[in-house]
Amino acid sequence: MPLAQQQVLEAAVIARGRKRKRKLREDVPKHLRANRTGYLLIAPMVIILAVFVIWPLLNSFYMSAFEISFYKEPKFVGLQFYLYVLTSAEFWKSIGVGLYYAVLVVPTGMLLALFIATFIKSLSKRAASFLKVTVYLPAVVSSVIASQLFIFIYQDHGVANWLLSLINSGPINWLNDPTTALPSVALPGIWLGFGITTLIMLAGLLDIPDSYYESAQLDGAGYFQRMFYITIPLLKNVLLYLLVTGFTLAIQMLDLPLLMTGGGPLGSTTTPNLYIFNAFRDRTPYATSYSLTASLLLFVVIGAVSLLLFRLIRSDKAVDA
Amino acid sequence: MQKKHSRMMLAAAGIVVAALATTGCATGAAPADSGEKVTVTFWQQQMEDFQQEWYKKNVDAYNASQDKIEVKLEVVPADVWPQKLATAQASGTAPDITTINYGKIGEGVPNGEYLALDEVLPAASLDDLKPNIREFVTIDGKAYAYPVNVEASKLLYYRTDLVKAAGLDPNSPPKTWDDLIVWAKALTQGNVQGIAEAANATDLAWSTWGLQWNACDHTAIDDDWAEGLATDPCFQELANFYRTLYQDNLMPQSPKTGYSDPAPYINGEVAMMDNGSWAFASLKADAPDVLANTAVAAFPSMSGAPSETTATLGGWALAIDSKTKYAQQAGDFVNWLAADGTERMVDYFTISNFARFTARTSVEEALKGVKGADDPIVQTISNDVVSFAKHEPAYPFDISMAIGTAIETAMKTDTDLGAAFQTADDSINDVIAKQSLAGANPFK
């Protein structure tokens, strides 16, 4: 655009900006200001959040300083339960199990989702929608049903051992061996979750302009080069979102280990939520306060790791075409 | 600014008023002695179908027989029981009457959860209880629950046909742990394994209480609840027994069900089963053909001497919440259901196929003439097991879990047993310190 035209355009934009600022500060009459409407519109959500999330959270922190009893006066103990939880080897072991589970489930799920999503992108419309439905089906299966299914698959004489017998490999004690129990539980976890991940990944992929791929192909880039230099950098935001939500959900997995192994041989599948759930079994004042404090500390741990993930994957704003 | 401030104050006031209004409409319950019809809530933990039927039948009969008290029955599944009950207690809507396991009495009473029944039940009802079972519910001289039944937690069930086919004598079941291993080896053939046993830490924790008494003459902690006793070598002998059963493949490596489910035995996947007396009721109700080929014996003991403890007595009782507004009415219902007369309890034991045992002397007398009560299996359980079974421990389950985990470690790894039980002992002493258990044994 010629220089003169550019300058006129810039001047007009600046003038408009000044006018807008003036309008905001003085010229809009009080009865037309949007503030009140804005507050009223967000009020229901804020009230619900305040009543059901913020207030209980603050109250929980307050109550964790007491030995809670519903029949006697709660006894003030200060930070004693925090000390009990932090010095409990089993709590840290469960955090380790949760992290190991997340490491098993999230990257595998995302890798699988990436390949399937790139595959779906290359299909015709009908084939693509058929595949999208198929891929999403496990996500609507209840985790209770999935866990029962996999228990039968992992039985001594179940399908998994039968498949192994076809290659003359011995039967494996999938769910009852401390080393194979958590990977065995992770498999249904991946199966249940990768449908949603695939669809979100697909949405992110469809946002990448085809012209990039075309010009890369013209320059002679292969499949993996296109993947590493175009797809993944442009999917950074989506990948970050999936990583953080996937991790947060994975570390809080409760149903699968509860139903499949009950915490597993020697605590090897006791994820943090399951540990807290089991700690509540006794229902004594000690157990009640202990499980409350453990939940709050889990909240802190998950928050810390999520923060770490955000820092590690410093994502820039997506580059526009 | 003033306008904004007053708007916020108005909003805050509105929220406070709404909160107060909703708490205000909590209960419209009738006061206890007003003569109006009173509603008493009763939560029954879900068990076999015939139990639900018995409770419902009797609650309806009670409600129909008088119009002062209405009992509302709610059946709650076992796996959500702790959460649901705790939530109700926290919000002040705890049920007036609940079914309760004997093991929970030791925890609940020091916490002030249950009402002493001496004021609301006639003395004759409490005196009718067998003395050893009355001890299960008595703390500091007061009874805190009324027993409905007792069950033995550990018995040996075996298939007489498979035993004969393996060349063993079904009339002389194994008496020692070594004998049991010999039988299990002989019976493990093809797809059938020797014995169905507890295979995870939780099941091991409570199903081995009787064997802990048998091997050690004590459980995991001393009577004062002051120190752990898990380093006693007798525990390692117990763990070795389980280790052999598991690592020699004499029991299913990946069990589909927990300890208390007799399904694998009913399905013919195992030739013997270690299970409680409730399994006999399941066999009678669901698998009479398997029952026809089944014999039952007391579980083998370490030394093989007769009349030794190998099982603990668990079972169910009825307790009344200490914060109930209708203590007299709740007591009236509990008395009518479980303590007054013998017809209802005889009916209960009849429909449970005599696999459960009564805590009341008068009911035991009344059962003598009843058809089916003289079943040889019932007699074996009653004479050889229930008479020698011990009380379930009252200490927190975490301590039992420490032993259960040590036994599971023995089964599923090759860890040195001394080290495994040292870990258990450290864990137990940690629990004793954190939960301030020293001197807190309510049954001492």
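Residues numbered from 1 in each chain as written. Chains lettered and ligands numbered in written order. Predicted model: local features only at pLDDT ≥ 70, side-chain atom pairs only at ≥ 80, totals over all residues.

### Some details on the overall build of chain B
- Within chain B one finds 20 helices and 12 strands.
- Overall size of chain B, expressed as C-alpha extent along the three principal axes, is 90 × 60 × 40 Å.
- Residue pairs at least 24 apart in sequence account for 76% of intrachain contacts in chain B once pairs closer than 6 positions are excluded. (Helix = DSSP H or I, 4+ residues; strand = E, 2+ residues; numbered from the N terminus. Contact = placed C-beta atoms within 7 Å.)

### Structural notes on the overall build of chain A
- Helix and strand counts for chain A come out as 14 helices and 2 strands.
- Taken against the 2.2 N^0.38 rule, which gives 20 Å for 321 residues, the C-alpha radius of gyration of chain A at 27 Å runs more than 25% over that of a compact globule.
- Considered along the principal axes of its C-alpha atoms, chain A spans approximately 80 × 65 × 30 Å.
- Counting every position in chain A, which comprises 321 residues, the buried fraction comes to 29%.
- Taking all contacts inside chain A whose residues are at least 6 apart in sequence as the whole, residues at least 24 apart take part in 69%. (Rg over C-alpha atoms; globule rule 2.2 N^0.38 Å. Buried ≥ 20, exposed ≤ 12 C-beta atoms within 10 Å, placed from the backbone.)

### Describing the domain arrangement of chain A
Residues and elements named next belong to chain A.
- Entries for chain A in the domain assignment read domain 1 (3–76) and domain 2 (82–312).
- The gap between the C-alpha centroids of domain 1 and domain 2 is 35 Å.
- Taken together, the 8 residues of domain 1 in the interface contact 7 residues of domain 2.
- When residues of the side of domain 1 that touches domain 2 are traced back to their parent elements, those giving at least two are helix 2 (35–63) and strand 1 (66–67).
- Ranked by the residues each element gives to the side of domain 1 that touches domain 2, the list is headed by helix 2, at 3 residues. (Domains from an automatic or database assignment.)

### What to know about the pairing of strand 11 (residues 312–320) of chain B
All names here are of chain B.
- Strand 11 sits mainly inside the fold: 9 of its 9 residues count as buried.
- The sheet contact formed by strand 3 (residues 97–101) and strand 11 spans 5 bridges and is antiparallel. Counterpart to Ile-100 in the pairing with strand 11 is Ala-317.
- Looking at chain direction, strand 6 (residues 146–152) and strand 11 are connected through 6 bridges and run antiparallel. Along strand 11, the bridge assignment pairs Asn-149 with Trp-316.
- Note: strand 11 against strand 12 (residues 390–391), 2 bridges, orientation parallel. Among the inter-strand pairings, Thr-312 is bridged to a residue of strand 12, identified as Lys-390. (Pairing = 2+ DSSP bridges.)

### Remarks on the sheet that holds strand 8 (residues 193–196) of chain B
Residues and elements named next belong to chain B.
- Pairing is mixed in the open sheet, where 4 strands are placed in the order 8-9-7-10. One side of each edge strand has no neighbouring strand; the edge strands of this open sheet are strand 8 and strand 10 (294–298). Across the sheet, the mean angle separating the axes of adjacent strands is 20° when strand polarity is ignored.
- Alignment of strand 7 (residues 155–159) against strand 10, held across 5 bridges, turns out to be antiparallel. Counterpart to Tyr-158 in the pairing with strand 10 is Ala-295.
- Strand contacts of helix 18 (residues 376–386): strand 7 and strand 10, with the helix running at about 10° to strand 10, the strand carrying the most contacts. (Axes fitted to C-alpha atoms, helices over the stretch in contact; angles between N-to-C directions.)

### Re the nonpolar core
- Core analysis: the biggest nonpolar cluster contains 128 residues, and Ala-145, Leu-155, Met-272, Ala-317, Val-334 and Ala-406 of chain B have the highest contact counts within it.
- At 9 residues, the largest contribution of residues to this core is made by helix 19 (residues 397–412) of chain B.
- Structurally, this core is a two-domain feature, drawing no fewer than three residues from each of domain 1 (38–152 + 313–374) and domain 2 (155–310 + 395–434) of chain B.
- Not counting residues within four places of it along the chain, the set of residues in contact with Val-334 of chain B comprises Ile-97, Leu-121, Tyr-146, Leu-318 and Ile-320 of chain B.
- The next biggest cluster of nonpolar side chains, apart from the first, holds 36 residues, and it includes Ala-102, Ile-120, Ala-146 and Trp-174 of chain A. (Core = buried A, V, L, I, M, F, W, Y, C linked by C-beta atoms within 7 Å.)

### What to know about the interface of chain B and chain A
- At the junction of the two partners, chain B supplies 27 residues and chain A supplies 27 residues.
- Contributing elements (two or more residues each) for the side of chain B that touches chain A: helix 3 (81–90) and helix 19 of chain B.
- Of the residues forming the side of chain B that touches chain A, the biggest block, 5 residues, is contributed by helix 19 of chain B.
- A class-by-class count of the residues in the side of chain B that touches chain A yields 7 nonpolar, 13 polar and 7 charged. (Nonpolar A, V, L, I, M, F, W, Y, C, P; charged D, E, K, R; others polar.)

### Thoughts on the environment of Ala-359 of chain B
- One can find Ala-359 of chain B in the loop between helix 16 (343–351) and helix 17 (361–367).
- Setting aside residues up to four positions removed in sequence, Ala-359 of chain B forms contacts with Leu-129, Lys-130, Ile-133, Pro-147, Asn-149 and Val-150 of chain B.

### Observations regarding the packing of helix 19 of chain B against helix 20 (residues 417–434) of chain B
Residues and elements named next belong to chain B.
- The interhelical angle for the contact between helix 19 and helix 20, taken along N-to-C directions, is 165°, at an axis separation of 9 Å. Relative to helix 20, helix 19 is oriented roughly antiparallel. Note on packing geometry: the crossing formed by helix 19 with helix 20 is right-handed. In this structure, helix 19 uses Asp-398, Ile-399, Ala-402, Ile-403, Thr-405, Ala-406, Thr-409 and Ala-410 to contact helix 20, whose residues at the interface are Leu-417, Ala-420, Phe-421, Thr-423, Ala-424, Ser-427, Ile-428 and Val-431. (Parallel < 35°, antiparallel > 145°, perpendicular 65-115°, else oblique. Left-handed = near helix turned anticlockwise from the far one by under 90°.)

### Focus: unusual backbone geometry
Residues and elements named next belong to chain B.
- Located in the positive-phi region is Asp-140, a residue other than glycine, with phi close to 55°.
- Checked against the element boundaries, Asp-140 lands in the loop between strand 4 (138–139) and strand 5 (142–143).
- The phi dihedral of Trp-225 falls on the positive side, at around 60°, and the residue is not glycine.
- Here Trp-225 lies in the loop between helix 10 (209–216) and helix 11 (233–247).

### Considering helix 18 of chain B
Residue and element names in this part refer to chain B.
- Turning to helix 18, its buried residues are Ile-377, Val-378, Ile-381, Asp-384 and Val-385. In an axial view of helix 18, the angular spread of the buried residues amounts to 170°, which keeps them on one side of the axis. Away from the buried face of helix 18 by more than 90 degrees, exposed residues Pro-376 and Asn-383 are located. (Arc of directions from axis to C-beta.)

### Focus: the packing of helix 5 (residues 125–140) of chain A against helix 8 (residues 181–206) of chain A
All names here are of chain A.
- Where helix 5 contacts helix 8, the axes come no closer than 6 Å and their chain directions differ by 135°. Relative to helix 8, the element helix 5 is oriented oblique. Handedness of the crossing formed by helix 5 with helix 8: left-handed. Along the contact surface, helix 5 presents Lys-132, Val-135, Tyr-136, Leu-137, Pro-138 and Ala-139, while helix 8 presents Trp-191, Leu-192, Gly-195, Ile-196, Thr-198 and Leu-199.

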